[in-house]
Amino acid sequence: MGLKKYIGFSLLLIIAVGLYVYSVEAGDYRVTFLDISLLLPIVVWVLAPLVVLFFFTVLHLLFYGSVNYCKNRAYLKDEDSIIETLKAVLLQKVDRKKLKTTGYKNLAGILNQFNIDVKDNTFTSTNEGLNEVVSQIKDIKSGKYVNEKALKLDSSSDLAKQNLINKMKEQPDFSLDILKKSPNYPNDVVVIAFNNVLESKTMTTIKKVYNNVKLDREMALKLFLKDIENTEFGLTKEEILKVTKSLNYTKEEYTSLARLYKEALTPDKLVELFETLSTENEEATEAYFYVLCEVEMIDQLRDLLSGYNEDEMLPFKAILDLKEAGKHYSLDDISI
């Protein structure tokens, strides 16, 4: 029975009892307690306990009704919150929702420990917001770019990275924007943007942005290969020096670099480049000697080798001996 019905039927009962008592006995009755004397109609004395019981019963119902209302409201709010928690888990975000009911708290704690993914088949639910989130996640996984503001993705999540990659595919110039503000993006996204720029842009454009990126050895190699394709507007010797020094190139890496550039540069520029590198970094000395051998600057190489002990720079000394014997061997024919 609802509260309104209870109040209505209770009042009818009180009125009915009052009318019946009044019809039977309409007189007064005096009650004396200590020095206090109270004279009231009999009907009032009969109805007083009923009214008091009615009053406290209504208070009781109102109290527990309010309690149940608050509990139900908490459940309804937590039901909405658990949907938001599920969205956060799907979007690989940290869930900050505070739940009030024990059951939903436990459920949220369990959900946050799972890595939930979206299946390829059709997803349906009664919650339109959840349906939309799942649809957008599917779009990202299929290679489409979804506006970041719509999902508010965690920038470090795999989903956010994939979305950025999708945007680079749809908007080629976005790769340049990433390189211009590389500290704002995850390193693996920056690497992809760097490779995209190398593939699609000229060295003139690349030179404007590559300094914003912390290069690793693989990225540096790709940069040098791109430079070799267009040396007219390529890297200066100072820029090449800066890259190699930042990566602490070894002797072998400097020699490999010399092999890369020996066909791309004129002999004079090649010698000038590696002379500068060897002056700034001793690790590049063997690469410089390799270049001198390749461009047949034998006299200059001999002068430089005279400053070394007999057991040092043996491959280069062997090349000189072979050339003096009239045998033409490249340093690539022997190990250095």
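Note: the structure precedes this text.
Source: prediction; values computed, not measured. Per chain, the residues get numbers from 1 upward, laid out in the order the sequence is written. The predicted nature of this model means local features are confined to residues of pLDDT at least 70 and side-chain atom pairs, given and counted, to a pLDDT of 80 or more, with totals for whole chains, interfaces and linings taken over all residues. Values reported for side chains reflect all heavy atoms of the structure, with hydrogen atoms and water molecules removed beforehand.

Draft legend 1. Quick look at the overall build of the protein. Note on conventions: DSSP H or I runs of at least 4 residues are helices, E runs of at least 2 residues are strands, and numbering of each starts at the N terminus. The helix and strand inventory of the protein stands at 16 helices and 2 strands. Its C-alpha radius of gyration of 44 Å places the protein more than 25% over the 20 Å reference for a compact globule of 336 residues. The C-alpha extent of the protein, read off along each of the three principal axes, is 150 × 45 × 30 Å. The buried share of the protein, taken over its 336 residues, is 34%. At a minimum sequence separation of 6, the contacts of the protein that also span at least 24 residues come to 49%. As a reference, a globule follows 2.2 Å times the number of residues to the power 0.38, and the radius of gyration itself is taken over C-alpha atoms. When a residue's accessible area, from a 1.4 Å probe over protein chains only, is under 20% of the maximum for its type it is buried; when over 50% it is exposed; and in between it is partly exposed. Whether two residues are in contact is decided by their heavy atoms: any pair within 4.5 Å suffices.

Draft legend 2. Broad picture of the side chain of Asn-166. For Asn-166, the location among the structural elements is in helix 6 (residues 158-170). For Asn-166, a relative accessible area of 0% translates into the label buried. At 2.9 Å, the side chain of Asn-166 and the backbone oxygen of Ile-140 are in polar contact. Excluding residues within four positions of it along the chain, Asn-166 makes contact with Ile-140, Gly-143, Lys-144 and Tyr-145. Identification of polar contacts relies on pairs of N or O atoms within 3.5 Å, with a donor-acceptor requirement for protein atoms, meaning one able to donate a hydrogen and the other able to accept it, and with residues adjacent in sequence counted only if both atoms are side-chain atoms.

Draft legend 3. Representation of the nonpolar core within the structure. For the purposes of this section, nonpolar cores are sets of buried Ala, Val, Leu, Ile, Met, Phe, Trp, Tyr and Cys residues that join through side-chain atoms within 4.5 Å. With 54 residues, the main nonpolar core has Phe-194, Leu-223, Phe-224 and Phe-274 as its most contacted residues. Considering each element in turn, this core owes the most residues, 7 residues, to helix 14 (residues 285-294). Setting aside residues no more than four positions away along its own chain, Phe-274 makes contact with Tyr-254, Leu-257, Ala-258, Ala-287, Tyr-288 and Val-291.

Draft legend 4. Structural context of a nonpolar patch on the surface. Two joining distances apply to patches: 9 Å for like charges and 5 Å for nonpolar side chains (Val, Leu, Ile, Met, Phe, Trp, Tyr), and every residue must have over 30% relative accessible area and no salt bridge. The accessible surface values rely on the Shrake-Rupley method and a 1.4 Å probe; as for residues, cover is taken only from the protein chains in view. In what follows, salt bridge is the name for a side-chain nitrogen of Lys or Arg lying within 4 Å of a carboxyl oxygen of Asp or Glu. On the surface, Leu-3, Val-52, Phe-55, Phe-56, Leu-59, Leu-61 and Leu-62 cluster together into a nonpolar patch covering about 600 Å² of accessible area. Looking at which element gives the most residues to the nonpolar patch, the answer is helix 2 (residues 42-90), with 6 residues. Inspection of the secondary structure assignment puts Phe-55 in helix 2. The class of Phe-55 is partly exposed, set by a relative accessible area of 46%.

Draft legend 5. Seen up close, the environment of Val-291. Here Val-291 shows up in helix 14. Residue classification places Val-291 among the buried residues on the basis of a relative accessible area of 0%. Counting along the chain gives 190 residues from Val-291 to Thr-101, while the straight-line C-alpha distance between them is 76 Å. For Val-291, the contacting residues outside a window of four places in its chain are Ala-258, Leu-270, Val-271 and Phe-274.

Draft legend 6. Summary view of helix 8 (residues 187-200). When the terminal C-alpha atoms of helix 8 are compared, their 20 Å separation across 14 residues agrees well with the 20 Å that a helix rising 1.5 Å per residue should span. The complete set of buried residues in helix 8 reads Val-189, Val-190, Ala-193, Phe-194, Asn-195, Val-197 and Leu-198. On its buried face, helix 8 sits against helix 6, helix 7 (174-180), helix 9 (203-209) and helix 10 (217-229). In this scheme, a helix's expected span is set at 1.5 Å multiplied by one less than its residue total.

Draft legend 7. Up close: unusual backbone geometry. Phi angles above zero are rare outside glycine, and Gln-92 is one such case at about 60°. Judged by relative accessible area, which is 29%, Gln-92 ranks as partly exposed. Of note, Asn-248 is a non-glycine position whose phi angle comes to about 50°, a positive value. Mapped onto the elements of the fold, Asn-248 is located in the loop between helix 11 (237-246) and helix 12 (251-261).

Draft legend 8. Inspection of the packing of helix 10 against helix 11 at higher detail. Interaxial distance between helix 10 and helix 11 falls to 11 Å at its minimum, and their mutual angle equals 165°. Taken together, the axes of helix 10 and helix 11 are roughly antiparallel relative to one another. Considering how the two elements wind past one another, helix 10 and helix 11 form a crossing that is left-handed. Touching Ala-220, Phe-224 and Asp-227 of helix 10 are Ile-240, Val-243 and Thr-244, all from helix 11. Three residue categories are used. Nonpolar comprises Ala, Val, Leu, Ile, Met, Phe, Trp, Tyr, Cys and Pro, charged comprises Asp, Glu, Lys and Arg, and polar comprises the others, including Gly. Residue composition of the contact of helix 10 with helix 11, grouped by class: 4 nonpolar, 1 polar and 1 charged. The angle between two axes is taken between their N-to-C directions and runs from 0 to 180 degrees, where each axis is a line fitted to C-alpha atoms and a helix contributes only its stretch in contact. Note on terminology: angles under 35 degrees are roughly parallel, angles over 145 are roughly antiparallel, angles of 65 to 115 are roughly perpendicular, and the others are oblique. In this scheme the crossing of two helices becomes right-handed for a clockwise turn of the near helix relative to the far one and left-handed for an anticlockwise turn of less than a right angle.

Draft legend 9. Main features of the pattern of salt bridges. What the rule picks out here adds up to 8 salt bridges. One salt bridge connects Lys-207 with Glu-239, and the closest N-O pair in it is separated by 3.6 Å. Placement of the pair is Lys-207 in helix 9 and Glu-239 in helix 11, with a sequence separation of 32 residues. A salt bridge links Glu-272 to Lys-237; the shortest N-O distance between them is 2.7 Å. Taken together, the residues Glu-272 in helix 13 (residues 267-280) and Lys-237 in helix 11 connect sequence positions 35 residues apart. Overall, the relative accessible area of 26% leaves Lys-237 in the partly exposed class.

Draft legend 10. Summary view of the pairing of strand 1 (residues 28-33). Strands were regarded as paired on the criterion that DSSP finds at least two bridges between them. Bridge count between strand 1 and strand 2 (residues 36-41): 6 bridges; the pairing is antiparallel. Bridge assignment links Asp-28 to a residue of strand 2, and that residue is Pro-41. Hairpin connection, strand 1 to strand 2: the antiparallel pair is bridged by 2 residues, and Leu-34 has positive phi, about 60°.

Draft legend 11. Summary view of the environment of Leu-235. Within the element layout of this structure, Leu-235 appears in the loop between helix 10 and helix 11. With 147 residues separating them along the chain, Leu-235 and Ala-88 place their C-alpha atoms 46 Å apart. Leaving out residues up to four positions away in the same chain, Leu-235 has contacts with Met-203, Lys-207, Tyr-210, Leu-223, Phe-224, Asp-227, Ile-240 and Tyr-261.

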